[in-house]
Amino acid sequence: MRETRLCPLRHSRFLTLYSAERQALFTERKEANENQHSSGNRRPHDRLKETFLHVLAHEIHHIMFSQLVPEEMSPRQYFFVNFAFEGLAVHFCNNAATPGKPAKYPGPMLGMDEPGWQFYREQHEPLIQKVLADGEKAKDLTMEQAAELVSGYEQFTFTSLKTGETRKVLQYPTYYAGCCLWGSIDLALGKERLFEVLASYDGFLDAWKEAAQVLQSAQGKED
């Protein structure tokens, strides 16, 4: 009999979204991000409004996400669904891209910490491989152990898997890796296939590998 755990949205950790620590990091990044987008004729108010709308859409996405996943999960499913929780929100609502996974829509990424995202991009391959390996480990864990494994990816600091450098991050690694893994399934195989995998989790790894091949092939044709 499978162990169960509530959907991530129902956890109290969701309430840490606007924690003092995260707000401090946001303030630290705000000026740098605004300077990066200061060219052109767009007013700061317009940029702020656009970013706010994307952040709002991101949070509404979380509410609807809880309707797509089962409340009863295996430890392995729980591990990967946590990555979908944040990853699909930034894929659909913040237009985030990763190597091998283009942005969902034309235009820039919005409402995200761009220096932190670049930090993840620089270690893309080892990070994705670590997530996949930990997901395999989760199938032999209890739910409590799987939750502890996930918590290692939900900190406001992250140590580079390539350089060993530890940096503050505004978005957890679950945002980045989830955007790549789950967003690829949407882009390559469509929403219907994505929803099917979310609902049952059957075939997640096969769907991810298939999606990665489709996107890689499409990129090769563009090049």
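Nothing here was measured: the structure is a model prediction, and the numbers come from that model.

Q: Would you explain the packing of aromatic side chains in this entry?
A: Under the defined criterion, the tally for this structure stands at 15 aromatic pairs. Look at Phe-79 and Phe-80: their rings are 5.2 Å apart centre to centre, the planes differ by 85°, and that puts the pair in the edge-to-face class. The same class applies to Phe-79 and to Phe-80, which are both buried. Judged by centre distance (5.2 Å) and plane angle (75°), the ring pair of Phe-83 and Tyr-153 falls under edge-to-face. Pair noted here: Phe-83 is in helix α3 (residues 75-93) and Tyr-153 is in the loop between α6 (143-151) and β1 (157-159), with a separation of 70 residues, a long-range link. Residue Phe-83 shares its accessibility class with Tyr-153, and that shared class is buried.

Q: Got a minute to help me understand the pattern of salt bridges in this structure?
A: When the charged atoms of two side chains with opposite charge come close together, those side chains can pair. For the structure shown, the criterion picks out six salt bridges. Note that Lys-130 is salt-bridged to Asp-134, the shortest N-O span being 3.0 Å. Of this pair, Lys-130 and Asp-134 are both found in helix α5 (residues 124-138), four residues apart, which corresponds to roughly one turn of the helix. By relative accessible area, Lys-130 is classed as partly exposed at 35%. A relative accessible area of 5% places Asp-134 in the buried class.

Q: Help me understand the state of the cysteines in this model?
A: Counted by the stated rule, this structure contains zero disulfides. Looking at Cys-180, it has no disulfide partner, and the nearest cysteine sulfur is the one in Cys-179, 7.3 Å off.

Q: Is there a simple way to explain the nonpolar core in this structure?
A: Nonpolar side chains in soluble globular proteins tend to end up buried together. Core analysis: the biggest nonpolar cluster contains 51 residues, and Trp-117, Val-131, Trp-182 and Phe-204 have the highest contact counts within it. Residue assignment for this core shows that the elements contributing at least two residues are α3, α4 (114-121), α5, α6, α7 (173-189), α8 (191-200) and α9 (204-222). A total of 11 residues in this core trace back to one element, the largest contributor, which is α3. Setting aside its immediate chain neighbours within four residues, Trp-117 contacts Val-90, Ala-96, Ala-97, Thr-98, Met-109, Met-112, Tyr-175, Tyr-176 and Cys-179.

Q: Explain a nonpolar patch on the surface to me, please; I cannot follow it from the model alone.
A: Taken together, the side chains of Leu-56, Ile-60, Ile-63 and Met-64 present a nonpolar region at the surface, about 380 Å² in accessible area. Within the secondary structure, Ile-60 sits in helix α2 (residues 44-65). A relative accessible area of 45% means that Ile-60 is categorised as partly exposed.

Q: Explain the packing of α3 against α6 here, please?
A: Each packed pair of helices is defined by two parameters, the angle between the axes and the distance between the axes. Interhelical geometry of α3 versus α6 gives an angle of 25° and a closest axis separation of 9 Å. Looking at the two axes, α3 sits roughly parallel to α6. Viewed along their axes, α3 and α6 form a crossing whose handedness is right-handed. Listed contacts from α6 to Pro-75, Tyr-78, Phe-79 and Asn-82 of α3 are Met-143, Ala-146, Ala-147, Leu-149 and Val-150.

Q: What's the story with the environment of Ala-211 in this structure? I'm lost.
A: With respect to the helices, strands and loops of the structure, Ala-211 is situated in helix α9. Taking the relative accessible area as the measure of exposure, Ala-211 reaches 0% and is therefore buried. It is 9.3 Å that separates the C-alpha atoms of Ala-211 and Trp-182, two residues lying 29 residues apart in sequence. In this view, Ala-211 contacts Ser-184, Ile-185, Ala-188 and Leu-189; residues no more than four positions away in its chain are not counted.

Calculation rules
- Residues numbered from 1 in each chain as written.
- Predicted model: local features only at pLDDT ≥ 70, side-chain atom pairs only at ≥ 80, totals over all residues.
- Heavy atoms only, no water.
- Phe/Tyr/Trp six-rings, centres within 6.5 Å; stacked < 30°, edge-to-face > 60°.
- Buried < 20%, exposed > 50% of the residue type's maximum accessible area, 1.4 Å probe, protein only.
- Helix = DSSP H or I, 4+ residues; strand = E, 2+ residues; numbered from the N terminus.
- Salt bridge = Lys/Arg side-chain N within 4 Å of Asp/Glu carboxyl O.
- Disulfide = S-S within 2.5 Å.
- Core = buried A, V, L, I, M, F, W, Y, C linked by side-chain atoms within 4.5 Å.
- Contact = heavy atoms within 4.5 Å.
- Patch = residues over 30% accessible without salt bridge, like charges linked within 9 Å, V, L, I, M, F, W, Y side chains within 5 Å.
- Areas by Shrake-Rupley, 256 points an atom, 1.4 Å probe, with all protein chains shown as cover.
- Axes fitted to C-alpha atoms, helices over the stretch in contact; angles between N-to-C directions.
- Parallel < 35°, antiparallel > 145°, perpendicular 65-115°, else oblique.
- Left-handed = near helix turned anticlockwise from the far one by under 90°.

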